[in-house]
Amino acid sequence: FENKEEIFETIILQAYDSTLEQSRKLLEKNDDLVVILAFPLAIELYVANKNERSAELLYAAHSSWKITNDLVDRTVTWTSVYFEKYGIKINHATARTNFLALLGCIGNFISRYHNGEHDGYREELRVELEIFCTLFRIPAYDLDAIVKQITDLIENNELTINGFKL
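Residues numbered from 1 in each chain as written. Predicted model: local features only at pLDDT ≥ 70, side-chain atom pairs only at ≥ 80, totals over all residues. Heavy atoms only, no water.

Focus on the overall build of the protein chain
Helices and strands together make up the secondary structure of the protein chain, namely seven helices and two strands. From first element to last, N terminus to C terminus, the protein chain shows the α and β order α-α-α-α-α-α-α-β-β. Scaling as 2.2 N^0.38, a compact globule of 166 residues should have a C-alpha radius of gyration of about 15 Å, and the protein chain matches this with 15 Å. Residue burial in the protein chain is summarised as follows: out of 166 residues, 44% are buried. (Helix = DSSP H or I, 4+ residues; strand = E, 2+ residues; numbered from the N terminus. Rg over C-alpha atoms; globule rule 2.2 N^0.38 Å. Buried < 20%, exposed > 50% of the residue type's maximum accessible area, 1.4 Å probe, protein only.)

What follows is the structure in structure tokens.
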């Protein structure tokens, strides 16, 4: 590594890759597209909400344009499999722009966690899901049920990111 920023970037990206892998395994039998596509982003909010130090690290990650771009690229690649599976046609540039907007929103929520101010994980996840469904034009009729399904999946499974249990 040439500097501490490269070390930090590597740790964040490895953690996100681990999150994507955990999500894939956990969601293999799930057929709710919104739950599947939003799950990794929900985990990020959950982690920031649960631990002040995690919120601080994620805040620093979202403050880095390079890390944000890498997260967007990884998210677009990961979700493209599901878009194809469910027959959703979306070009790469549009998906990238939409996820950049979503990560910006998540970064703002994480900033609030980092600064000790927030409305609660479930409410903020619901807002993220509204934005997500709007950006990708995916109908979601019961966002409260989707929030419950996502939070139950996170809280009732032993998820580990880079060896740390959530």
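A look at the packing of helix H5 (residues 92-114) against helix H6 (residues 121-136)
Remark: H5 packs on H6, axes separated minimally by 10 Å, with the N-to-C direction vectors making an angle of 165°. With respect to each other, H5 and H6 are oriented roughly antiparallel. For the element pair H5 and H6, the recorded crossing hand is right-handed. Between H5, through Ala95, Asn98, Phe99, Ala101, Leu102, Cys105, Ile106, Phe109, Arg112 and Tyr113, and H6, the contact on the second element is made entirely by Tyr121, Glu124, Val127, Glu128, Ile131, Phe132, Leu135 and Phe136. (Axes fitted to C-alpha atoms, helices over the stretch in contact; angles between N-to-C directions. Parallel < 35°, antiparallel > 145°, perpendicular 65-115°, else oblique. Left-handed = near helix turned anticlockwise from the far one by under 90°. Contact = heavy atoms within 4.5 Å.)

Considering the packing of aromatic side chains
Two measures describe an aromatic ring pair: the distance that separates the ring centres and the angle between the ring planes. Scanning all chains against the criterion turns up six aromatic pairs. Note on Phe83 and Phe136: the rings are 5.3 Å apart at their centroids and 35° apart in plane angle, and the pair reads as tilted. With Phe83 in helix H4 (residues 65-85) and Phe136 in helix H6, this pair connects stretches of sequence that are 53 residues apart. Each member of the pair, Phe83 together with Phe136, is buried. Joined through ring pairs, the aromatic side chains of Phe83, Phe99, Phe132 and Phe136 make up one cluster. (Phe/Tyr/Trp six-rings, centres within 6.5 Å; stacked < 30°, edge-to-face > 60°.)

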